[in-house]
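Residues per chain, in single letters:
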Amino acid sequence: MMSSSRRQTRGRLVPARELGTELRRLRKREGLSIEEAADRVGLDVSEVERAETVGLGLLFRLRKRLFKRVGGYTLEGPYYRLRPLDD
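What counts, and at which threshold
Residues numbered from 1 in each chain as written. Predicted model: local features only at pLDDT ≥ 70, side-chain atom pairs only at ≥ 80, totals over all residues. Heavy atoms only, no water. Helix = DSSP H or I, 4+ residues; strand = E, 2+ residues; numbered from the N terminus. Contact = heavy atoms within 4.5 Å. Areas by Shrake-Rupley, 256 points an atom, 1.4 Å probe, with all protein chains shown as cover. Patch = residues over 30% accessible without salt bridge, like charges linked within 9 Å, V, L, I, M, F, W, Y side chains within 5 Å. Salt bridge = Lys/Arg side-chain N within 4 Å of Asp/Glu carboxyl O. Lys, Arg positive; Asp, Glu negative; His and termini not counted. Charge placed at Lys NZ, Arg CZ, Asp CG, Glu CD. Buried < 20%, exposed > 50% of the residue type's maximum accessible area, 1.4 Å probe, protein only.

What is the right way to read the overall build of the protein chain from this model?
Along the protein chain, the regular secondary structure elements total five helices and three strands. Helices and strands in the protein chain line up, N terminus first, as α-β-α-α-α-α-β-β. Expressed as a percentage of contacts within the protein chain between residues at least 6 apart in sequence, the contacts between residues at least 24 apart total 53%. Approximately 5200 Å² of the protein chain is accessible, and the part contributed by carbon and sulfur atoms is 49%.

Would you mind showing me how to read a positive patch on the surface here?
Taken together, the side chains of Arg40, Lys64, Arg65, Lys68 and Arg69 make up a positively charged region of the molecular surface. Here the positive patch takes four residues from helix H5 (residues 60-71), the largest share from any one element. Tracing the chain through its elements places Arg69 in helix H5.

Quick question: what am I supposed to make of the pattern of salt bridges here?
As enumerated under the stated definition, the model contains four salt bridges in all. Of the charged contacts in the structure, one is a salt bridge between Glu22 and Arg25, with a shortest N-O distance of 2.4 Å. Here Glu22 pairs with Arg25, and both are found in helix H2 (residues 19-29), just three residues apart, close to one helical turn. Measuring nitrogen to oxygen at the nearest pair gives 3.5 Å for the salt bridge that ties Glu52 to Arg24. Of this pair, Glu52 sits in helix H4 (residues 45-53) while Arg24 sits in helix H2; the two residues are 28 residues apart in sequence, bridging distant segments of the chain. Owing to a relative accessible area of 25%, Arg24 belongs among the partly exposed residues under this scheme. The structure contains a network of salt bridges with shared partners spanning Arg24, Arg27 and Glu52.

Before we go on, may I ask you to explain a negative patch on the surface in this structure?
Residues Glu35, Glu36, Asp39 and Glu49 make up a contiguous surface patch of negative charge. At three residues, the largest contribution of residues to the negative patch is made by helix H3 (residues 34-41). Note that Glu35 resides in helix H3.

So this is what it looks like as structure tokens:
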């Protein structure tokens, strides 16, 4: 069964400039530190920090990987639809 917090994000469009903020929100909602998120995805902490703070559509591949491994979401462009992986 899917949590209500995942249902609320189903199909929500996220502008490119807000992907980092959304990623940080998701990581915190999952109760993960930056170190734990980096470990889960196999990245350096600095890469996770960059993915959460660099603006616009930069670092798309890195963010896509983090959304998938941290929260079970996939990104669909060009407007970056944030959608649970089990859809």
